[in-house]
4 protein chains.
Amino acid sequence: MTTFDTDMPPMTTSIGRSTADDIWVQGYDLAGELMGEVDFGSVFYLLITGRLPTAGEARIFNAVLVALADHGLTPTALAARLTYTGAPDAIQGAIAAGVLGAGSVFLGVFEDAGRVLTAAGPTPDTGEEDLERMAAEIIEDHRARGARIPGLGHPFHKDGDPRTARLLALAREHDLLGPHTRLMLRVQERATSPSGRQLALNAGGACGALLSDLAIDTAVLRGVAVVSRAAGVVGHLAEEARAPMGRTLWHMAERAATYEARR
Amino acid sequence: MTTFDTDMPPMTTSIGRSTADDIWVQGYDLAGELMGEVDFGSVFYLLITGRLPTAGEARIFNAVLVALADHGLTPTALAARLTYTGAPDAIQGAIAAGVLGAGSVFLGVFEDAGRVLTAAGPTPDTGEEDLERMAAEIIEDHRARGARIPGLGHPFHKDGDPRTARLLALAREHDLLGPHTRLMLRVQERATSPSGRQLALNAGGACGALLSDLAIDTAVLRGVAVVSRAAGVVGHLAEEARAPMGRTLWHMAERAATYEARR
Amino acid sequence: MTTFDTDMPPMTTSIGRSTADDIWVQGYDLAGELMGEVDFGSVFYLLITGRLPTAGEARIFNAVLVALADHGLTPTALAARLTYTGAPDAIQGAIAAGVLGAGSVFLGVFEDAGRVLTAAGPTPDTGEEDLERMAAEIIEDHRARGARIPGLGHPFHKDGDPRTARLLALAREHDLLGPHTRLMLRVQERATSPSGRQLALNAGGACGALLSDLAIDTAVLRGVAVVSRAAGVVGHLAEEARAPMGRTLWHMAERAATYEARR
Amino acid sequence: MTTFDTDMPPMTTSIGRSTADDIWVQGYDLAGELMGEVDFGSVFYLLITGRLPTAGEARIFNAVLVALADHGLTPTALAARLTYTGAPDAIQGAIAAGVLGAGSVFLGVFEDAGRVLTAAGPTPDTGEEDLERMAAEIIEDHRARGARIPGLGHPFHKDGDPRTARLLALAREHDLLGPHTRLMLRVQERATSPSGRQLALNAGGACGALLSDLAIDTAVLRGVAVVSRAAGVVGHLAEEARAPMGRTLWHMAERAATYEARR
């Protein structure tokens, strides 16, 4: 018997529990109430928030996951493929390598947008005037710090990211255009680039706002994008297993690089 | 201009492509045909196999993803939580740590079962007699090598994993109990433990068989489980951010361990 | 032949190059000039900075690596062991899990201290008066922001981390107590905790300052700690392979945690 | 007070322990006996094996670490750089991505060679005749299975890897050419490729054999290579932070790849 006295906080969990006959996930009977009854995206929502989404919430949450799953031969997809080249026996490592690039530069915008909006603190009861004021404060705060507002502008889809329009249409259809997204839209309407050009709301900004409206904790916003991107990475690895490009990429890099000794 | 001659195989991809106006995933218009139209699990299936699943296939694929997403405070969930304790600023790292434990001991059974079944090579046209012969060969091969047949037996759910029964019922309901699963069931019926006891088909074995029937390439079978488990890990991290147990676990380990100098 | 025009910056590298007969690392013949001639710590220094360290620099750099390699059953060591429990077939994954916890909470202090000191910009020519001014500014800046000064204080070694004294003695012995470390010491002398108590210089702060004096780029300061910690993690995994604690830890967590359904 | 009864094996560790005044590593006083006294490679050896190496052992162990640290723009270096492109704020993630490629294809040979040699079981007392017999059995076993003998042959350094000759010379100089290496050399002398050509002993094979002679447990052989490679990866990241090639590589891949829709 191991006995010890601890002054540490107790450990509590609400996620999973098993008996010899049943497995429970957030209080639901896994086999009886979730499998075959609820799609995977909805169970992911349940795991994070502790409750199942409504039909409209499930549709938007799934659309966000679908929107972020892949973007072609991105650095994350390439890192996963190159890792698979060296370690095809441990595909979990290649997937991990793929998601480790989901940092501040790409998927971080997602979290940053959510953080800015959540900090402003809009609620379903916030009126138009207050949203205006919050938007003005966000813009002014970023201008003063010389910082870019997360969620605005895209290096490639300059006339508007096609995913943004679709996400907003879905939210309107289900009457789920909540306070964070309405605030984000006001920021977008009023903000301009340093050269005076209006900036489009990009998919990261739209997703960050919509997920905040769906009550996803800011701390794990990036985690939602990571799971989505993991699915894309497995897609790339399935292709890499069938038609590898890792070695070609390697030799291409070696030939394209110039060697300049520092010694 | 960089010019180089390469004798390496060409690089081809079918997954993603973007123009200034559109984003394509496996030949589908992401915003117009997938977002809001298809659930995330189905898009994951599309990413891996190159085609959207039928309604029945989507239900089974989602059920497999749901079945594997969480199992409580497993080593993978704990590794993710402990990583988050040290690096809450980079949640992608905690998720990666969580999925890196998806190796041979836990989620590997999944892949091993798929590999054994796929190697036997059953097809929709394989008759009952041939299935019998394949099952006998698999059992004999494992007996000769003193190896356990992957997918059979469970340390905890000894009377049958509740997920297995549910998955098989769903497959029957959609008439999708394919040759790999039928072979797995014959193996289960005939195999016994070294002590002569009959072994239940566990969820890993059922999932491996069903995904093989769904034409998931063996090379990425474990990858399907990894994405599912990543969702569970994010659930644990959402809880860890709200009610942390990482430090308690740390101090518990330090106090429970005995220090034995080797010097 | 693949030809493409690119407006991207050229790729250049100075690190490694191989011919059929030789392997070069930063301009040194690997087999002839480095292996057996120079210790691993010094080659690590060469890889990062492009030059071999002097004897004194090598002794300090090695001492820093030794200082950070292990600290017992830390969250990072536990995360690595739990990952190994599930995936003993892919030890690189368990090591990766171990280093992923080297984030802002633990090893980040290292980088943060270096960043603060480097931003102040002391050089070998900076006089005592200017160091005083820089120290006062650092303290005032943190006080104004209500932020803790990185590198000061330790939750456990309250009377002074034994590693700090040793590192400073080594630096003095080799006349390598450079401007960043001298600035760090002035900050330590003048700074007090909110309750007015003087704070000791912890090992992270000393290491961050000394490595900055050794011309390690702030961008990779944390990377030095990560390699050191990776060695400690492999030590833990060697022990885990021989005398595993992963499963005990798992069951301990399951039994200690209280399950509280949210549904 | 948390009390629980456990039938699990006890947790014991010999690696690290801290008091308020001292930090102990494998029974050594970290600040007093290791820092400044022993190089990092030797402390890494201590962490794994529980004892400090002799001078000769330290020289060989360091030479092995130096030999494996870098090999230019390998897939692992590229994966780390691409991960850094997306997540420069979390360098531990880029390092982890770099080491995750240390799998069966590249650094695995290292472990595989050690495993084959250790399984044969040579000891310092094994005579020449028995070594001959063991070598013949290893060759015959691989021939029968149609398997390549790990450690022999190199795709690039066909006339002999320069690192191999250096490592063997160092081992001879210190009279540390132990039974595993002597067995490896006999295997190399007698083995031929399918086309009848003699195969050179590559660096992976030499390192695997020498580390087995140094009493490194086979379970963590790959871990030694991983720590060494982590140092090389940090070198690449220091360069990437200064002169990035990640985005060029990304665009190069996008332009070089052919898009072939499957739909």
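Refer to the preceding data block for the structure.
Numbers given for residues are sequential positions, taken from 1 along each chain in its written order. In the order they appear in the text, chains get letters beginning with A and ligands get numbers beginning with 1. Confidence filtering applies because this is a predicted model: local features only for residues at pLDDT of at least 70, side-chain atom pairs given and counted only at 80 or more, and all residues used for totals across whole chains, interfaces and linings. Side-chain calculation: all heavy atoms of the structure are included, whereas hydrogens and water are not.

## What to know about the overall build of chain A
A run of DSSP states H or I qualifies as a helix once it reaches four residues; a run of E qualifies as a strand once it reaches two. Both are numbered from the N-terminal end. A tally of regular secondary structure across chain A gives 12 helices and 6 strands. Taking the principal axes of its C-alpha atoms as reference, chain A extends roughly 60 × 60 × 45 Å. Relative to its full complement of 263 residues, chain A shows a buried share of 63%. The criterion used for residue contact is that any of the two residues' heavy atoms lie within 4.5 Å. For chain A, the proportion of contacts with a sequence separation of at least 24, taken over those separated by at least 6, is 70%. Calculation of accessible area relied on Shrake-Rupley with a 1.4 Å probe; when residues are assessed, cover is drawn exclusively from the protein chains displayed. Here chain A displays about 9300 Å² of accessible surface, and carbon together with sulfur accounts for 50% of that area. Neither His nor the chain ends is counted toward charge; the positive residues are Lys and Arg and the negative residues Asp and Glu. For the purpose of locating charges, the reference atoms are NZ of Lys, CZ of Arg, CG of Asp and CD of Glu. In chain A, which carries 24 positive and 32 negative side-chain charges, the distance between the mean positions of the two groups comes to 11 Å. The buried label goes to any residue with under 20% of its type's maximum accessible area, the exposed label to any with over 50%, and the partly exposed label to all in between, with areas taken from a 1.4 Å probe on protein chains only.

## Some details on the pattern of salt bridges
Salt bridges are defined by distance alone: a side-chain nitrogen of Lys or Arg within 4 Å of a carboxyl oxygen of Asp or Glu. Taken as a whole, this structure holds 64 salt bridges over all chains when the rule is applied. Across the salt bridge formed by Glu37(D) and Arg166(C), the nearest N and O atoms sit 2.8 Å from each other. Taken together, the positions of Glu37(D) in the loop between α1 (30-34) and α2 (40-49) and Arg166(C) in helix α8 (residues 162-173) put the pair across two chains. Residue Arg166(C) is classed as buried on the basis of its relative accessible area of 18%. A network of salt bridges, in which partner residues are shared, links Glu128(A), Glu132(A), Arg182(A), Arg186(A) and Arg190(A).

## A short note on the relation of the copies chain A and chain B
Alignment of copies: least-squares fit on C-alpha atoms of residues with pLDDT of at least 70 in both copies. Aligned on chain B, chain A shows an RMSD of 0.0 Å; the corresponding rotation is 180° and the shift along the axis is 0.0 Å. What the rotation and shift describe, once combined, is the action of a two-fold rotation axis. Among all residues of chain A, the minimum C-alpha distance to the rotation axis is found for Ala96(A), at 2.3 Å. Here 100% of the interface residues in chain A have copies in chain B that are interface residues too; the copies meet face to matching face.

## Digging into the interface of chain D and chain B
Taken together, the contacts link 28 residues of chain D with 28 residues of chain B. At the boundary of chain D with chain B, total buried surface from both sides reaches about 2400 Å², with 54% on carbon and sulfur atoms. Looking only at chain D, the three residues that lose the most surface to chain B are Tyr259(D), Arg262(D) and Arg263(D), adding up to 29% of its buried area. Of all elements in the fold, only β2 (12-13), β3 (16-18), α2, α5 (91-100), α12 (246-256) and β6 (258-259) of chain D reach the threshold of two or more residues within the side of chain D that touches chain B. By the convention adopted, Pro, Cys, Tyr, Trp, Phe, Met, Ile, Leu, Val and Ala count as nonpolar, Lys, Arg, Asp and Glu as charged, and the other residues, Gly among them, as polar. Its residues assigned to classes, the side of chain D that touches chain B comprises 13 nonpolar, 10 polar and 5 charged. Where strand β2 (residues 12-13) of chain B lies against β6(D), 2 bridges are found, and the strand directions are parallel. Paired with Thr13(B) across the strands is Tyr259(D), a residue of β6(D). Buried area adds together the accessible area that both of two parts lose upon being put together, with accessible area traced by a 1.4 Å probe. One bridge is not enough; two strands pair if DSSP finds at least two bridges between them.

## Here's the deal with the side chain of Ser212(C)
All names here are of chain C. Counting through the fold element by element, Ser 212 comes out in helix α10 (residues 203-213). Two N or O atoms count as a polar contact when they lie within 3.5 Å, although within protein this holds only if one can serve as hydrogen donor and the other as acceptor, and sequence-adjacent residues are included solely when both atoms are side-chain atoms. At 2.8 Å, the side chain of Ser 212 forms a polar contact with the backbone oxygen of Gly 208. Setting aside anything within four residues of it in sequence, one finds Ser 212 in contact with Gly 114, Thr 118, His 180 and Leu 221.

## Focus on the sheet that holds strand β4 (residues 23-25) of chain A
All names here are of chain A. Strand order in the open sheet formed by 3 strands is β3-β4-β5, and the pairing between neighbours is antiparallel. Each of the sheet's edge strands pairs with one partner strand only, and the pair in question is β3 (16-18) and β5 (28-29). Pairing geometry for β4 and β5, over 2 bridges, is antiparallel. Residue Val 25 lies in a different strand from β5, and its bridge partner there is Tyr 28.

## What to know about the interface of chain A and chain B
Counting residues at the interface gives 89 residues for chain A, matched by 89 residues for chain B. Between chain A and chain B, roughly 7600 Å² of surface is buried when both sides are summed, and carbon and sulfur atoms account for 71% of that area. When the buried surface of chain A facing chain B is broken down by residue, Met11(A), Met35(A) and Phe40(A) rank first, second and third, together holding 10% of it. For the interface between chain A and chain B, the tally reads 2 salt bridges. Where chain A packs against chain B, one counts 18 residue pairs in polar contact (both at pLDDT 80 or more). For the side of chain A that touches chain B, the element with the highest residue contribution is helix α11 (residues 221-242) of chain A, accounting for 16 residues. Of the residues belonging to the side of chain A that touches chain B, the class tally is 48 nonpolar, 23 polar and 18 charged.

## Re the packing of aromatic side chains
All names here are of chain D. Each aromatic pair joins two rings of Phe, Tyr and Trp (for Trp, the six-membered one) with centres within 6.5 Å, and gets the label stacked for planes under 30 degrees apart, edge-to-face for over 60, and tilted for any other angle. Considering all chains together, one arrives at 11 aromatic pairs over all chains under this definition. Judged by centre distance (5.3 Å) and plane angle (75°), the rings of Tyr 45 and Phe 61 are edge-to-face. Taken together, the residues Tyr 45 in helix α2 and Phe 61 in helix α3 (residues 55-68) connect sequence positions 16 residues apart. Comparing Tyr 45 with Phe 61 shows no difference in burial state: the two are buried.

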